[in-house]
Amino acid sequence: AVLKLSLHSFLDRHCGRGAVLYGSGPSLEVALADEDAIPVDVLHCAVNETALKLDRVDYVFANDVQHWVAELPASVTLFHPRRTACGPAQCNVCAFDDAADASRLTALPESLARSGLFAGEGTINSAIQVLAIMGIEEVLCVGIDGDHAPYDRLRKRFEAHAARLGVELYFYGEEEAE
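Presented here is a report on the structure given in the accompanying data block. (Residues numbered from 1 in each chain as written. Predicted model: local features only at pLDDT ≥ 70, side-chain atom pairs only at ≥ 80, totals over all residues. Heavy atoms only, no water.)

Regarding the overall build of the chain
Right, so step 1: For the chain, the count of helices and strands is four helices and ten strands.
Right, so step 2: Helices and strands appear in the chain in the N-to-C order β-β-α-β-β-β-β-β-α-β-α-β-α-β.
Right, so step 3: For 178 residues, the compact-globule formula gives about 16 Å, and the C-alpha radius of gyration of the chain, at 15 Å, lands near that figure.
Right, so step 4: Evaluated residue by residue, the chain yields a buried proportion of 51% over its 178 residues.
Right, so step 5: Across the chain, the centroid of the 14 positively charged side chains sits 10 Å from that of the 27 negatively charged ones. (Helix = DSSP H or I, 4+ residues; strand = E, 2+ residues; numbered from the N terminus. Rg over C-alpha atoms; globule rule 2.2 N^0.38 Å. Buried < 20%, exposed > 50% of the residue type's maximum accessible area, 1.4 Å probe, protein only. Lys, Arg positive; Asp, Glu negative; His and termini not counted. Charge placed at Lys NZ, Arg CZ, Asp CG, Glu CD.)

Structure, rendered in structure tokens:
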């Protein structure tokens with residue numbers, strides 16, 4: 001049976017754990033080929049149909065749900081805005097409220113869990129808000145590559161949003177600045 005879940009039910013559910021967030025950028029294929037690249041003791045989360053390329057996925061984020069949700073396994077939870085249609089799914093579903101309300105940009109995770117997410121900044125920004133609600137403090141980003149427009153602009157907003165929520169981001173294949 002498909003469970004219909006609320007954002008609030010995820011509040012601090014994974015407090016202190018790390019996560020990997022998979023996008024569809026070029027570093028995804030490189031990381032998947034490197035068996036030692038991805039830690040196993042973290043949550044595995046995917047943006048959109050990238051989930052279908054992974055051997056393991058716990059959570060999937062999709063702001064514009066497509067036909068592929070029917071292919072997600074029952075063990076996965078799909079997060080999507082209530083405003084988008086979700087096709088038939090065998091996985092658990094958390095449909096959340098979202099609005100282009102700028103006050104939500106500075107909201108704490110508990111407030112976001114009650115009132116809904118800030119909309120308008122893409123699926124990776126919805127994902128980082130949900131991960132913050134879950135209590136995740138560190139995220140390894142794989143396939144979230146911002147080395148060309150318009151993705152560079154989106155990634156900068158993603159990084160700023162994560163910082164406001166207290167989530168530390170690491171990007172696969174990028175060296176940290178000294």
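Description of the pattern of salt bridges
Right, so step 1: For the coordinates displayed, the defined rule picks out seven salt bridges.
Right, so step 2: Here Glu 29 and Lys 53 are joined by a salt bridge, their closest N and O atoms 3.9 Å apart. Of this pair, Glu 29 sits in helix H1 (residues 27-33) while Lys 53 sits in the loop between strand E3 (43-47) and strand E4 (59-61); the two residues are 24 residues apart in sequence, bridging distant segments of the chain.
Right, so step 3: The exposure class of Glu 29 is partly exposed, given its relative accessible area of 47%.
Right, so step 4: Arg 82 is paired through a salt bridge with Asp 97; the nearest N and O atoms lie 2.9 Å apart. Of this pair, Arg 82 sits in the loop between strand E5 (77-81) and strand E6 (92-96) while Asp 97 sits in the loop between E6 and strand E7 (98-99), and the two are 15 residues apart along the sequence.
Right, so step 5: One network of salt bridges, in which partners are shared, links Arg 155, Glu 159 and Glu 174. (Salt bridge = Lys/Arg side-chain N within 4 Å of Asp/Glu carboxyl O.)

A short note on the sheet that holds strand E1 (residues 4-5)
Right, so step 1: Strand order in the open sheet made by the eight strands is E1-E6-E5-E4-E3-E2-E9-E10, with parallel pairing throughout. Both edges of this open sheet fall to E1 and strand E10 (168-171), since each of them pairs with a single strand only.
Right, so step 2: On top of the sheet, helix H3 (residues 123-134) reaches strand E2 (18-22), E3, E4, E5, E6, strand E9 (138-142) and E10; it is set at about 140° to E4, its chief contact. (Pairing = 2+ DSSP bridges. Contact = heavy atoms within 4.5 Å. Axes fitted to C-alpha atoms, helices over the stretch in contact; angles between N-to-C directions.)

Some points on the pairing of E3
The two faces of a sheet get side chains in turn, since along a regular strand they alternate between them.
Right, so step 1: Of all five residues making up E3, five are buried, and the element is well covered by its neighbours.
Right, so step 2: Of the two faces of E3, the one carrying Leu 43, Cys 45 and Val 47 and the one carrying His 44 and Ala 46 are both buried.
Right, so step 3: Sheet topology places E2 next to E3; four bridges connect them, and they run parallel. Considered in E3, the bridge of Tyr 22 is made with Ala 46.
Right, so step 4: As for the winding sense of the linkage, the β-α-β connection from E2 through H1 to E3 is right-handed.
Right, so step 5: Note that E3 and E4 share three bridges and pair parallel. (Right-handed = clockwise from strand over helix to strand, strands pointing away.)

A look at the nonpolar core
Grouped burial of nonpolar side chains is what soluble globular proteins tend to show.
Right, so step 1: Counting 34 residues, the largest nonpolar core has Phe 79 and Val 139 as the members making the most contacts within it.
Right, so step 2: Setting aside residues no more than four positions away along its own chain, Phe 79 makes contact with Leu 7, Phe 10, Tyr 59, Val 60, Phe 61, Ala 62, Cys 94, Phe 96, Val 130 and Met 134.
Right, so step 3: Leu 28, Ala 51, Val 60 and Leu 72 belong to the second-largest nonpolar core, a separate cluster that totals 22 residues. (Core = buried A, V, L, I, M, F, W, Y, C linked by side-chain atoms within 4.5 Å.)

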